[in-house]
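One letter stands for each residue in the lines below.
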Amino acid sequence: MYRFTSKPAWTLEARPVDGAGEAFELLETPLKSPDVVSRGLARVEYRSTTLLARVEQALADGKPEVVLVRPPNDLPALLRTADQLLTFSRQEAGERASVWRCTCGTRYAVPVSLMRPVSIRCERCGSTLDLDPQRIVEQSHLADPLMAEVNAYRKAVSDCFREAMARGWPVLVSKADPAR
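Definitions and cut-offs
Residues numbered from 1 in each chain as written. Predicted model: local features only at pLDDT ≥ 70, side-chain atom pairs only at ≥ 80, totals over all residues. Heavy atoms only, no water. Core = buried A, V, L, I, M, F, W, Y, C linked by side-chain atoms within 4.5 Å. Buried < 20%, exposed > 50% of the residue type's maximum accessible area, 1.4 Å probe, protein only. Contact = heavy atoms within 4.5 Å. Helix = DSSP H or I, 4+ residues; strand = E, 2+ residues; numbered from the N terminus. Expected span 1.5 Å × (residues − 1). Arc of directions from axis to C-beta. Pairing = 2+ DSSP bridges. Salt bridge = Lys/Arg side-chain N within 4 Å of Asp/Glu carboxyl O.

Turning next to the nonpolar core. By size, the foremost hydrophobic cluster in this structure holds 33 residues, and its most contacted members are Phe4, Leu41, Leu51, Val55, Phe161, Val171 and Val173. Beyond its immediate sequence surroundings of up to four residues, Leu51 is in contact with Phe4, Leu41, Val44, Glu45, Tyr46, Leu68, Thr81 and Phe161. Of all hydrophobic cores here, the second largest spans seven residues; its members include Cys102, Tyr108, Val110 and Leu131.

Structure below.
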């Protein structure tokens, strides 16, 4: 399990720098289970290798936290990686669905293939709900809970990478303790 963080480059230096006492906002990805992290980062490329292989190679010397990416040279590669994370998230988002709500608030999602109006009984209140394609409340995606968590993790990592590069901060990686 890995945690990506980003902070200003001056905080990485051993010697103090002017303004070192200034506060800054630390960017970091949320902790998730090892299965979510490995599935979320699988197939994602970074500089002609997978991101997971690059992370494992960086952490091979046993240091608790290492710099994975430094701006500005790594900016294009990291932005491509962030784009891949979002692309995989969209590709595996699940089947598109139309959503209706009963008067009691119960939410019903039906695959987009519904072409004509259908009436069903609400499981909560028993009233009749017309599933009319003309009265869709919202569009959604139907995905299993694990895949939804994987996609949320991918989005969080992508957002962290993009924000770090926008600020010009290096991205660090560390092994995370799942007990914390």
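A word on the side chain of Ser158. Note that Ser158 resides in helix H4 (residues 145-167). Beyond its immediate stretch of four places on either side in the chain, Ser158 contacts Ala82, Leu85 and Leu86.

Take the side chain of Thr5 next. Mapping Thr5 onto the fold places it in strand E1 (residues 2-6). A relative accessible area of 5% places Thr5 in the buried class. Contacts of Thr5, omitting those with residues within four sequence positions, involve Leu26, Leu27, Glu28, Glu65, Pro170, Val171 and Leu172.

Let us now look at the environment of Asp132. Checked against the element boundaries, Asp132 lands in the loop between strand E9 (128-131) and strand E10 (138-142). Take Asp132: its relative accessible area is 16%, and that puts it in the buried class. Aside from chain neighbours lying at most four places away, what touches Asp132 is Trp100 and Pro117.

Right, let's get into helix H3 (residues 75-91). End to end, H3 covers 24 Å across 17 residues, agreeing with the expected 24 Å (1.5 Å per residue, within 8%). Considered for burial, the residues of H3 that qualify are Ala77, Leu78, Thr81, Ala82, Leu85, Phe88 and Ser89. The arc that holds every buried residue of H3, seen down its axis, measures 140°, which confines them to one face. Away from its buried face by more than 90 degrees, H3 exposes Arg80, Arg90 and Gln91. Where H3 is buried, its residues touch helix H1 (34-41), strand E3 (45-46), helix H2 (51-58), strand E5 (65-69), H4 and strand E11 (171-175).

Alignment of strand E6 (residues 95-101) against strand E7 (residues 107-111), held across five bridges, turns out to be antiparallel. Within the sheet, the bridge partner assigned to Ser98 lies in E7 and is Val110. Where E6 hands over to E7, the hairpin turn is made up of five residues, of which Gly105 adopts a positive phi near 100°.

Moving on, we get to the pattern of salt bridges. Applying the stated rule across the entire model yields nine salt bridges. Put simply, Asp74 and Arg47 hold a salt bridge, and the shortest N to O gap is 2.6 Å. Note that Asp74 is positioned in the loop between E5 and H3 and Arg47 in the loop between E3 and strand E4 (49-50), a separation of 27 residues in sequence. Overall, the relative accessible area of 41% leaves Arg47 in the partly exposed class. Residue Lys155 is joined to Asp159 by a salt bridge in which the shortest nitrogen-to-oxygen separation is 3.1 Å. Of this pair, Lys155 and Asp159 are both found in helix H4, four residues apart, which corresponds to roughly one turn of the helix. Overall, Lys155 belongs to the partly exposed group, its relative accessible area being 43%. Accessibility expressed as a relative area gives 35% for Asp159, which makes it partly exposed. Residues joined by salt bridges that share partners form a network here, namely Arg43, Glu92 and Arg154.

Limitation: the analysis is restricted to geometry and does not speak to function.
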